[in-house]
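A structural walkthrough
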Amino acid sequence: MYRIMRNLEHIKNGLKDLNQRKFKSIDVKEIQAREKLDYIQNLLQSDPMNNHLLKMEKEAKEEHSKAIRLLQTELAVKLVNSNWAKANGPTSFLLDRIRTVI
């Protein structure tokens, strides 16, 4: 039993490190992606037929959407963790809530 607990502790620490590296600055990435998209869209207003700018706008929109999805996922996980801690267990309501957010 001790070996299992020790292995689970190692896995937990590894997951915590991964979480910090992956989700550390999601809000900053979302803001930067939105600013980049705004900048490109402002350039497009002066030259709406520029194919290069249109391609850049499409890529910036995809980048911003990805940042939004990551932010929503992080918020859903925090919601579940806080509610689970309060209720001492997951409920079907929380699982349905996660599915609608993600």
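Below is a short write-up of the structure. Bear in mind the structure is a predicted one, so any value in this text is a computation, not a measurement.

Turning our eyes to something else, we now look at the overall build of the protein. Of regular secondary structure, the protein possesses four helices and zero strands. Along the protein, helices and strands appear, N-terminal first, in the series α-α-α-α. Excluding contacts between residues fewer than 6 apart, the proportion of contacts in the protein whose partners are at least 24 apart in sequence is 49%. Split by element, the accessible area of the protein, about 8,500 Å² in all, is 57% carbon and sulfur.

Here we come to the side chain of E30. Within the element layout of this structure, E30 appears in helix 2 (residues 26-46). Salt bridges are absent for the buried E30, whose nearest opposite-charge side chain, R34, sits at 6.2 Å. With residues up to four places along the chain from it excluded, the contact list for E30 reads H64, A67, I68 and L71.

This part takes up the environment of V28. With respect to the helices and strands, the residue V28 is situated in helix 2. Along the sequence, V28 and A67 sit 39 residues apart, while their C-alpha atoms lie 9.3 Å from each other.

Okay, the side chain of E57 next. Here E57 shows up in helix 3 (residues 51-87). With a relative accessible area of 15%, E57 lands in the buried category. Discounting chain neighbours no more than four positions away, the residues touching E57 are L37, I40, Q41 and L44.

Cut-off values and rules
- For every chain, the first residue of the written sequence is number 1, and numbering continues from 1 along that sequence.
- Per-residue local features of the predicted model are confined to residues with pLDDT of at least 70, and side-chain atom pairs are confined, for both listing and counting, to 80 or more; whole-chain, interface and lining totals are unaffected and use all residues.
- With hydrogens and water excluded, all non-hydrogen atoms of the structure serve as input to the side-chain values.
- Going along the chain from the N terminus, every DSSP run of H or I of four or more residues is numbered as a helix, and every run of E of two or more is numbered as a strand.
- Contact between two residues is taken to exist if any of their heavy atoms lie within 4.5 Å; hydrogens are not considered.
- Surface accessibility follows the Shrake-Rupley procedure with a 1.4 Å probe radius. Residue values consider only the protein chains on display as shielding.
- When a residue's accessible area, from a 1.4 Å probe over protein chains only, is under 20% of the maximum for its type it is buried; when over 50% it is exposed; and in between it is partly exposed.
- For the purpose of charge, His is not counted, nor are the chain termini; Lys and Arg are scored as positive and Asp and Glu as negative.
- Whenever a carboxyl oxygen of Asp or Glu lies within 4 Å of a side-chain nitrogen of Lys or Arg, that contact is scored as a salt bridge.

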